[in-house]
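# Examining the three-dimensional arrangement
The primary structure of each chain is shown beneath.
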Amino acid sequence: RFKEQQKLQEIENAQQAVSDWENYVDTIQSVHKNCTEPVDWNQIENTEKPNEPKLESKNELIAKNKLDNFKPSIFDKLFGSTQKKINRLKGLLEQAKTKDKKEYDVNYKEYLDELNNWQELQEISNGIKNGETDFYKKALQYFDPFSDISELGTQISFNFEQNHIDIDLHVNSLDNIPDYELKQTTTGKLSKKNMPKTRFNELYQDHICSASMRVAREVFAYLPIDYARVNAVAKIINTKTGHLEEQPILSVIFPPQTIDSLNLETIDPSDSMLNFVHNMNFNKTKGFSVVEKAELKK
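Before going into details, it helps to say that this report is about the structure given with it. The structure displayed is predicted, hence computed values, not measured ones.

The rules we used
- Residues numbered from 1 in each chain as written.
- Predicted model: local features only at pLDDT ≥ 70, side-chain atom pairs only at ≥ 80, totals over all residues.
- Heavy atoms only, no water.
- Patch = residues over 30% accessible without salt bridge, like charges linked within 9 Å, V, L, I, M, F, W, Y side chains within 5 Å.
- Areas by Shrake-Rupley, 256 points an atom, 1.4 Å probe, with all protein chains shown as cover.
- Salt bridge = Lys/Arg side-chain N within 4 Å of Asp/Glu carboxyl O.
- Helix = DSSP H or I, 4+ residues; strand = E, 2+ residues; numbered from the N terminus.
- Phe/Tyr/Trp six-rings, centres within 6.5 Å; stacked < 30°, edge-to-face > 60°.
- Buried < 20%, exposed > 50% of the residue type's maximum accessible area, 1.4 Å probe, protein only.
- Lys NZ or Arg CZ within 6 Å of the ring centre and 35° of its normal.
- Polar contact = N/O pair within 3.5 Å; in protein donor to acceptor, adjacent residues only side chain to side chain.
- Contact = heavy atoms within 4.5 Å.
- Pairing = 2+ DSSP bridges.
- Expected span 1.5 Å × (residues − 1).
- Axes fitted to C-alpha atoms, helices over the stretch in contact; angles between N-to-C directions.
- Parallel < 35°, antiparallel > 145°, perpendicular 65-115°, else oblique.
- Left-handed = near helix turned anticlockwise from the far one by under 90°.

A contiguous nonpolar surface patch, about 420 Å² in accessible area, is contributed by F75, L78 and F79. Here F79 shows up in helix α4 (residues 74–79).

Laid out in structure tokens, this is it:
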């Protein structure tokens, strides 16, 4: 009985391991599918300015009402506790005023935060409308879509122009790609074997193309620009010097309309590059080679 349970557990574990592996392989080549909802700058521009809060005296009014309507009972008169009760109600009135002031202070602090936020977004929205590149940068800093960039690369840098952005994406290394394949045998056991070099390279190629497209999509969600050039930069051996250097291995010019015209759920990320002006030198057995940055034909 115990052996049977153990065997079932092993089969289940194997199933889970294969499932996790498949999910991971799928994820690294489909990062382009997710993206932030686009920002509606017109809506932001038409957002009303926050209203300054008023000091409300609701606690004070309740306490004052109790004090004004206090009528001593026969026992209060008998035991001389009338004044004591009046003093207590006066004390409660002061506490109520303090409570109202505290509530107002909290509301006022929230109002100042909202006002700051509102002013900042109004400025950014206005700057974007006028095509001011400083505000392109501020919009990306404000919304920070690349705060968790690990699935796309290690770091990212921008160069802002009036109608486009030049982006260097320092991509994830080959270590992020599994070099093994997991399958479940007919008896339910876990089988692990080395991934063929060509499949490994193609998986990495898909990951780099997918991540590059995702970066462009994130930028288009915030900025109304004509195109984004994404340069995927990796540590690669410079054949002239023999040293590892940060070099572009893919450079793509993405116009937003072209991305919108694709079915992102079903494209092959590497094949989809044919829709764009791009430079990529890739070989199934050797992987990527260094390329020049892509240029739009004048």
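Before going further, it helps to examine the packing of aromatic side chains. Evaluated as defined, the whole model comprises 10 aromatic pairs. Between the aromatic rings of Y142 and F143, the centroid separation amounts to 4.9 Å while the plane-to-plane angle is 75°, which identifies the pairing as edge-to-face. Look at Y142 and you get partly exposed, because its relative accessible area is 26%. Pairwise contacts between aromatic rings join W41, Y142, F143 and Y222 into one cluster. The side chain of K192 reaches across the aromatic face of Y180, ending 4.4 Å from its centre.

This part takes up the side chain of N231. Of note, N231 is situated in strand β5 (residues 227–237). Residue N231 is classed as buried on the basis of its relative accessible area, which comes to 0%. Among the polar contacts made by the side chain of N231, one reaches the side chain of D166 at a distance of 3.2 Å. Apart from the residues within four sequence positions on either side, N231 is in contact with D166, I167, D168, L169, L250, S251 and K293.

Turning next to the environment of E246. Examined against the element boundaries, E246 turns out to sit in strand β6 (residues 244–254). Along the backbone, E246 and V219 are 27 residues apart, and their C-alpha atoms lie at a distance of 23 Å. In contact with E246, not counting residues within four places along its chain, are H170, V233, A234 and K235. Here the side chain of E246 touches H170 through a polar contact of 2.7 Å, side chain to side chain.

Attention shifts here to the pairing of β5. Looking down a regular strand, the side chains alternate between one sheet face and the other. Among the 11 residues in β5, nine count as buried, and that is most of the element. In this sheet, β5 lies alongside strand β2 (residues 164–171) in parallel orientation, the contact comprising seven bridges. Across the sheet, I165 pairs through a bridge with A228, a residue of β5. Counted along the chain from β5 to the antiparallel partner β6, the turn is six residues long, and its residue G242 has a positive phi close to 80°.

Here we take up helix α5 (residues 82–129). In an α-helix, one turn spans 3.6 residues, which is why side chains three or four residues apart end up on the same side. Between its first and last C-alpha atoms α5 spans 70 Å; for 48 residues at 1.5 Å apiece the expected length is 70 Å, and the two agree. Backbone geometry just after α5 places G131 at a positive phi near 65°.

Once that is clear, we can look at the sheet that holds strand β1 (residues 153–160). Pairing in this open sheet of six strands is mixed, and the strands run β1-β2-β5-β6-β7-β8 from one edge to the other. Pairing within the sheet leaves two strands with one partner each, and these edge strands are β1 and β8 (287–289). Averaged over all pairs of adjacent strands, the angle between their axes in this sheet comes to 35°, without regard to strand direction. Taken strand by strand, helix α7 (residues 197–222) contacts β1, β2, β5, β6, β7 (277–283) and β8, and its axis lies near 145° from that of β5.

Let us look at the side chain of H164. Secondary-structure assignment places H164 in strand β2. Engagement of the side chain of H164 in a polar contact is seen with the side chain of N163, the distance being 2.9 Å. Discounting residues that sit within four places of it in the chain, H164 has contacts with N159, I225 and Y227.

Below, the discussion takes up the packing of α5 against helix α6 (residues 133–143). Running from N to C, α5 and α6 point in directions that differ by 140°, and their axes come no closer than 8 Å. The angle between α5 and α6 places the two elements in the oblique class. Judged by the sense of rotation from one axis to the other, the crossing of α5 with α6 is left-handed. Contact with α5, carried on its side by N117, E120, L121, E123, I124, G127 and I128, involves F135, Y136, K138, A139, Y142 and F143 of α6 and no other residues of that element.

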